[in-house]
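One-letter residues, chain by chain:
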Amino acid sequence: MHHKPALRVALIGYSFMGKIHAQAWQTAPRFFDVSAKVDLVVGRDAAAVEEFAHTFDIPRFATDWRDAINDPDIDAVDICVPGDLHAEISNAALAAGKHVLCEKPLANTVAEAEEMTAAAAAARANGVQSMVGFSYRGTPALGAMKKLIDDGRIGTIRHIRATYLQDWIVDEQFPLVWRLQKAKAGSGSLGDIGAHIIDMAVFLTGQRLTGVSALTETFVKERPLVASQGSLAATAGEGTGPVDVDDAAVFIARTDGGALATFEATRFAAGRKNAIRIEINGSAGSVAFDFERMNEFEFHDHTLPGGESGFRRILATEPEHPYLEAWWPTGHGLGYEHTFTHEIVEFARAVASGTAPSPSYEDGLYVQRVLDAVERSAAANAGWVALD
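Rules and cut-offs
- Residues numbered from 1 in each chain as written.
- Predicted model: local features only at pLDDT ≥ 70, side-chain atom pairs only at ≥ 80, totals over all residues.
- Heavy atoms only, no water.
- Helix = DSSP H or I, 4+ residues; strand = E, 2+ residues; numbered from the N terminus.
- Rg over C-alpha atoms; globule rule 2.2 N^0.38 Å.
- Buried < 20%, exposed > 50% of the residue type's maximum accessible area, 1.4 Å probe, protein only.
- Contact = heavy atoms within 4.5 Å.
- Areas by Shrake-Rupley, 256 points an atom, 1.4 Å probe, with all protein chains shown as cover.
- Pairing = 2+ DSSP bridges.
- Axes fitted to C-alpha atoms, helices over the stretch in contact; angles between N-to-C directions.
- Parallel < 35°, antiparallel > 145°, perpendicular 65-115°, else oblique.
- Nonpolar A, V, L, I, M, F, W, Y, C, P; charged D, E, K, R; others polar.
- Phe/Tyr/Trp six-rings, centres within 6.5 Å; stacked < 30°, edge-to-face > 60°.
- Salt bridge = Lys/Arg side-chain N within 4 Å of Asp/Glu carboxyl O.

Asks: Residue-level account of the overall build of the protein chain, with values.
Replies: Secondary structure summary: the protein chain contains 10 helices and 17 strands in total. At 21 Å, the protein chain has a C-alpha radius of gyration in line with the 21 Å of a compact globule built from 388 residues. Across the 388 residues in the protein chain, those meeting the buried criterion constitute 56%. Intrachain contacts of the protein chain at a sequence separation of at least 6 include 71% that bridge at least 24 residues. As displayed, the protein chain has an accessible area near 16,400 Å², and 51% of this comes from carbon and sulfur atoms.

Here it is in structure tokens:
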């Protein structure tokens, strides 16, 4: 089946994202025509990373990411660590000729993202590829929605309406994990989940934001220090520390296609677990999606007579829908982890063919600029901030 040697990957990080990336790397070659394997996993805790390597049948482990960069047997690096480490690892990997897949958001600041994108462009000129991990692009229903939009089925886009709602820190006694610390995470709900819906809007519509007006809020400003933590769970210890990132962000925007857009990202929507919703209204129809029902989307064809028009549910599990040719019979749905498998497929295929994968570091830099504009607007009490 495979004519090229396997892409040998070093996975940097072994927590929530590390686990799902490890699974995706193992699954992708079993269902798609790609050849790849994780040969090395890196994490600072030697005992934990050794256990992870054993669990995922990864032959080697290390405690310093530089070991992966300097390893001649490694072809690509997959960065799954907090944002404060992205720039240093990515730049070093690209300079060493390693292809790089980097989790979102690309960096913690625009300056870091610009530096990373410049390094990626220089590496690309030498055949070294890079990609940022906006995994939700790999959702078949969103790909099917995009095709309807690209085919003109909803006409001229008037509105983009996107929300990403979670509730995992509603409890005021939930500890101060790294995602609530600006030095490590860069921002709060804005960069963690808001970045996804910004990219999703651009991916689906092909339009970019020309300016934003935003408000952010930190509802709980002090939290208990962490005694121990897992993926999105943690145990409180002694003492407290300041939360210096946003708990929620809301903003309005205009697009370069003349549409109005609204975005909301919060981790304080009690009862909402991973509720990503996007609706796009056009002159000839509308499409709508909710990730908690990820195998389907809604389509309204406004060109039909009023008496027979309305939103209809489309189950995106047909062989012609994106990626579904490799999976199960019609109606046998996919899950969260499959979006990462599809991300790995896109990256591995691009590297194998010597083409630039998508989403690119340039796409990641664009999202970073929007995040920065939102923060600047919120600091100016919702003042309008233009984007280039």
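The structure having been displayed, the exposition proceeds.
Asks: Got a sec to walk through the environment of Ala96? Specific residues and values, please.
Replies: Structurally, Ala96 is set in the loop between helix H4 (86–95) and strand E5 (99–103). Accessibility expressed as a relative area gives 40% for Ala96, which makes it partly exposed. Note: C-alpha distance between Ala96 and Ala107 (11 residues apart in sequence) is 20 Å.

Asks: Explain the sheet that holds strand E8 (residues 209–217) to me, and be specific about the residues and the numbers.
Replies: The 9 strands lie next to each other as E16-E15-E14-E13-E7-E12-E11-E8-E17, forming an open sheet whose pairing is mixed. Sheet topology places strand E16 (311–315) and strand E17 (385–386) at the edges, where each strand pairs with a single neighbour. Looking at chain direction, strand E13 (residues 275–282) and strand E14 (residues 285–290) are connected through 5 bridges and run antiparallel. Directly across from Arg277, in E14, lies its bridge partner Asp290. The strands that helix H6 (residues 140–150) touches are strand E7 (157–165), E13, E14 and strand E15 (296–301); relative to E14, the one it contacts most, it runs at about 170°. The sheet contacts of helix H10 (residues 361–379) involve E8, strand E11 (248–255) and E17, and relative to E8 the element is tilted by about 55°.

Asks: Hey, could you go over the packing of helix H5 (residues 110–124) against H10 for me, with residue numbers and the actual values?
Replies: In contact at an axis separation of 9 Å, H5 and H10 are set at 170° when each is read in the N-to-C sense. In terms of orientation, H5 and H10 fall into the roughly antiparallel class. Of H10, the residues touching H5 (which contributes Val110, Ala113, Glu114, Met116, Thr117, Ala120, Ala121 and Arg124) are Tyr361, Glu362, Leu365, Gln368, Arg369 and Asp372. For the contact of H5 with H10, the per-class residue count stands at 7 nonpolar, 2 polar and 5 charged.

Asks: Break down the packing of aromatic side chains for me, with residues and values.
Replies: Counted according to the given criterion, the structure contains 18 aromatic pairs. Consider the rings of Tyr14 and Phe52, whose centres lie 6.1 Å apart with planes at 55°: the pair is tilted. Placement of Tyr14 in the loop between strand E1 (7–12) and helix H1 (16–31) and of Phe52 in helix H2 (residues 46–55) is noted, with a sequence separation of 38 residues between them. Looking at Phe52, the relative accessible area reads 5%, which means it is buried. Measuring from ring centre to ring centre gives 4.7 Å for Phe251 and Phe263, while their planes differ by 15°; the resulting arrangement is stacked. Note that Phe251 is positioned in strand E11 and Phe263 in strand E12 (residues 260–266), a separation of 12 residues in sequence.

Asks: So what about the pattern of salt bridges? Which residues, and what values?
Replies: Following the criterion strictly, the structure yields 24 salt bridges and no others. For Asp192, the salt bridge goes to Lys104, with nearest N and O atoms at 3.6 Å. With Asp192 in helix H8 (residues 189–205) and Lys104 in the loop between E5 and H5, the pair connects residues that are 88 residues apart, well separated along the chain. Side by side, Asp192 and Lys104 carry an identical accessibility label, which is buried. What emerges from the salt-bridge pattern is a single network uniting Lys104, Arg179, Asp192 and Arg267.

Asks: Would you mind going over the pairing of E15 in detail, with residue names and values included?
Replies: With 5 of 6 residues buried, E15 is to be regarded as a mostly interior element. With 4 bridges connecting them, E14 and E15 associate as antiparallel partners. Across the sheet, Gly285 pairs through a bridge with Asp301, a residue of E15. Between the antiparallel neighbours E14 and E15 lie 5 residues. Across 5 bridges, the pairing between E15 and E16 is antiparallel. When the bridges of E16 are listed, His300 appears paired with Phe311.

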